[in-house]
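# Fold and geometry: a report
Chain by chain, the residues run as shown.
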Amino acid sequence: MQDHTTSKSGEGHASIAIHTEHIAVNMHPKAIKVACSNCNLRELCMPLGLSPSELEKIDDVVASRRKVKRGTVLFRNGEKFTSLYAIRTGFFKTCIASEDGRDQVTGFQMAGEIVGLDGIVNDHHTCDAVALEDAEVCVMPFDRIEELSREVTSLQRHVHKIMSREIVRENGVMLLLGSMRAEERLAAFLLNLVQRLHARGFSQSELVLRMTREEIGSYLGLKLETVSRTFSKFVEDGIVEVKQRHVRIVNTEALKDIVNPKVCN
């Protein structure tokens, strides 16, 4: 996995016709036979408790791995949906074009997460997925997933959980944009990001932002100036330390208090 922080702890919140000019040539099937069974992210993107034979079947579903260069597109809005993608390394953003032509960021996805779920609804993608750094994904044809789900019920439940998690995430974003002040939005964003990274073995307090301040603002419904000003306030208050894209959370409880203020008796 590529490094997302400068400090690890121990050893350790979606969217396929692919443009060949954007993505490297598929690996030979024999070279990826060990895909899921030996992947260190297996517990994050695959069901727990699978038997060796079930793992072997899921291995066969992974049609290929693809490398996606920073700034290039994995799939575009309007393209035919054929596969889900499990992110092995790297970071992505999903976005849609707003009416005035600007990109509206709808989410950020990291290693161990699945992208492409938006295409299930009407067999076409409804957003663009763009790599924020050099990345690699496992390509899982959806027709094979559906077929295997009939044999491995835990896989079907897992897909349902992933879809449910996406719904919960979108509801959370709606709450974020609808009722929270700028400080609350940024604090909730940082807490969510570091929590997801920690689940992958990284630090609970340090992270490197793979997205720009402008992209954070697009996602949180804030202007660039507001994002920068809020970061500065967090620094002045001794809550975080910021050096370019490196962020160290000095006072996690203070961030939590911003999102969920304690009620004084």
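Structure shown above.
First, a word on scope: everything that follows refers to the structure included in this document. Keep in mind the model is a prediction, meaning the values are calculated, not measured.

This paragraph deals with the sheet that holds strand β3 (residues 83-89). If you walk across this open sheet you meet the four strands as β1-β8-β3-β6, and the pairing is antiparallel. Both edges of this open sheet fall to β1 (64-68) and β6 (114-115), since each of them pairs with a single strand only. Bridge analysis of β1 against strand β8 (residues 135-141) gives five bridges, and the strand direction is antiparallel. What sits directly across from lysine 67, in β8, is glutamate 136. Of the strands in this sheet, β3 and β8 touch helix α3 (residues 142-149), which is tilted by about 55° from β8.

To continue, consider the packing of helix α2 (residues 52-61) against α3. Put simply, α2 and α3 touch, their axes get as near as 9 Å, and they point 160° apart. One element, α2, and the other, α3, form an angle in the roughly antiparallel class. In the packing of α2 onto α3, the handedness of the crossing is right-handed. Side by side, α2 and α3 meet where Lys57, Ile58, Asp60 and Val61 of the first sit next to Arg144, Ile145 and Leu148 of the second. Counted by class, the contact of α2 with α3 contains four nonpolar, no polar and three charged residues.

For the structure on display, the rule yields 12 salt bridges. Between glutamate 215 and lysine 93 there is a salt bridge whose closest N-O contact spans 2.9 Å. Of this pair, glutamate 215 sits in helix α6 (residues 213-220) while lysine 93 sits in strand β4 (residues 91-97); the two residues are 122 residues apart in sequence, bridging distant segments of the chain. Judged by its relative accessible area of 11%, lysine 93 is buried.

The phi dihedral of aspartate 123 is positive, around 65°, even though this residue is not glycine. Relative to the elements of secondary structure, aspartate 123 occurs in the loop between β6 and β7 (128-131).

Turning to the packing of α3 against helix α4 (residues 153-179), a few remarks are in order. Here α3 crosses α4 at 125°, and the two axes come no closer than 7 Å. Overall, the two elements α3 and α4 adopt an arrangement that is oblique. On α4, the residues that touch Ile145, Leu148 and Ser149 of α3 are Thr153, Leu155, Gln156 and Val159. Within the contact of α3 with α4, the residues separate by chemical class into four nonpolar, three polar and no charged.

Cut-off values and rules
Residues numbered from 1 in each chain as written. Predicted model: local features only at pLDDT ≥ 70, side-chain atom pairs only at ≥ 80, totals over all residues. Heavy atoms only, no water. Pairing = 2+ DSSP bridges. Helix = DSSP H or I, 4+ residues; strand = E, 2+ residues; numbered from the N terminus. Contact = heavy atoms within 4.5 Å. Axes fitted to C-alpha atoms, helices over the stretch in contact; angles between N-to-C directions. Parallel < 35°, antiparallel > 145°, perpendicular 65-115°, else oblique. Left-handed = near helix turned anticlockwise from the far one by under 90°. Nonpolar A, V, L, I, M, F, W, Y, C, P; charged D, E, K, R; others polar. Salt bridge = Lys/Arg side-chain N within 4 Å of Asp/Glu carboxyl O. Buried < 20%, exposed > 50% of the residue type's maximum accessible area, 1.4 Å probe, protein only.

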